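Architecture and fold: a report
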Amino acid sequence: MIKFTKMQGLGNDYIYIDCTKMEEKAIKDISCLAKIMSDRHFGIGSDGLILICKSKKEDFKMKMFNQDGTEAEMCGNGIRCVGKFVYDKGLTQKENITIETLAGTKKLKLHIKAGKVEKVTVDMGKPILNAKEIPVISEEEIVKNLRLKALDKEFIFTCVSMGNPHAITIVDNIDNFDVEKYGRILEIDEHFPKKANIEFIEIVNEKTIKMRVWERGSGETLACGTGASAVCVACTLNNLIDKKEEIIIKLLGGELIIKWDKNVYMTGNAEIAFEGEYEN
């Protein structure tokens, strides 16, 4: 039996397993397990699986697997929940912690209320803007005018990596936009060697952006922290927002506060949905 905790940040939900007292290899075929547990009809149901592990160099290590079983570099909403998990479960008493990820070390500031973590601010690090490092195939070094066609529409993308690749485009009437129709095609476009998370956005004003996201390997999700961070960077690069201020990103699952000041800082909630045991 595997003990698990179902958690969510703005509706971006993951299954969390505490591996701090065991070896990662104790769980066999994590990729397959992620697919089975994440299935919303035959499993627990989630956007993916996150293992909280021991780290030799940081406070903890986060290993993340998408709904389709692929391992991912990072998840902004997911890592906030890691912060809440380790504090609320008594694995640490520190309010500032470091998490090892495939996208590098991330620093978390835990906002405590009544002895529990209510919100978490994540230092998402510096955005990667070089096309080869994102990666995206483009003649532009900083990609701000990538034109891609999907079915009957042409989109203009700005591309950013926050440890994982993102492609951001502006659309009209985002509430009625068919994210699934176009997202599943654009995710696997040949210009994205490692696929890409696709962010469709609508500019409300200089401080507010509405966003919907098609996440590679998971489909449309209610929120994406790395995506919201990438959107803030992309909109700043295109002079669409006030770069000196915190930006509100409105997602289907709620709001994130993002600021780009050399590093990108993201603040949002983290909540436990339920806990249980899964027969492996």
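First things first, this report covers the structure right here in the doc. (Residues numbered from 1 in each chain as written. Predicted model: local features only at pLDDT ≥ 70, side-chain atom pairs only at ≥ 80, totals over all residues. Heavy atoms only, no water.)

**Regarding the overall build of the protein**
Rules: For helices the rule is a DSSP run of H or I covering at least 4 residues; for strands it is a run of E covering at least 2, with both sets numbered from the N terminus onward. With C-alpha atoms as the basis for the radius of gyration, the globule rule is written as 2.2 Å multiplied by the number of residues raised to the power 0.38. Between buried and exposed lies partly exposed: a residue is buried under 20% and exposed over 50% of the maximum accessible area for its type, with that area taken using a 1.4 Å probe on protein chains only. Residue contacts are defined here by distance: any two heavy atoms, one from each residue, within 4.5 Å place the two residues in contact. Here the Shrake-Rupley method, with its probe set to 1.4 Å, supplies the accessible areas, and only the displayed protein chains count as covering residues. Positive charges are assigned to Lys and Arg, negative charges to Asp and Glu, while His and the chain termini are left out of the count. Charge positions are represented by NZ for Lys, CZ for Arg, CG for Asp and CD for Glu.
Across its full length, the protein carries four helices and 18 strands. In terms of overall dimensions, the protein is globule-like: its C-alpha atoms have a radius of gyration of 18 Å, near the 19 Å expected for 280 residues. A principal-axis box enclosing the C-alpha atoms of the protein has dimensions of 50 × 40 × 35 Å. Within the span of the protein, comprising 280 residues, buried residues form 54% of the whole. Counting contacts in the protein only where the partners sit at least 6 residues apart, residues at least 24 apart contribute 61% of the total. On the protein, roughly 13,000 Å² of surface is accessible, and the fraction owed to carbon and sulfur atoms is 46%. Counting 41 positive and 44 negative side-chain charges, the protein places the averaged centre of each group 4 Å from the other.

**Here we look at the packing of aromatic side chains**
Just so we agree on the cut-off: Each aromatic pair joins two rings of Phe, Tyr and Trp (for Trp, the six-membered one) with centres within 6.5 Å, and gets the label stacked for planes under 30 degrees apart, edge-to-face for over 60, and tilted for any other angle.
One pass over the structure, following the stated rule, counts seven aromatic pairs. Aromatic side chains Phe-4 and Phe-274 sit 6.1 Å apart centroid to centroid with 85° between the ring planes, which places their arrangement in the edge-to-face category. You can see Phe-4 sitting in strand β1 (residues 2-9) and its partner Phe-274 sitting in strand β18 (residues 271-278), a full 270 residues away along the chain. With a relative accessible area of 7%, Phe-4 lands in the buried category. On the basis of relative accessible area, Phe-274 is assigned to the partly exposed category, the value being 38%. Measuring from centroid to centroid gives 4.8 Å for Phe-177 and Phe-200, while their planes differ by 40°, and the two rings are tilted.

**Some points on unusual backbone geometry**
The peptide bond linking Ile-134 to Pro-135 adopts the cis configuration, its omega dihedral lying at -5°. When you line up the elements, Pro-135 lands in the loop between β8 (116-125) and β9 (146-150). Of note, Leu-10 is a non-glycine position whose phi angle comes to about 60°, a positive value. Note that Leu-10 resides in the loop between β1 and β2 (12-18). For Lys-262, which is not glycine, the phi dihedral falls at a positive 65°. Tracing the chain through its elements places Lys-262 in the loop between β16 (254-261) and β17 (263-269).

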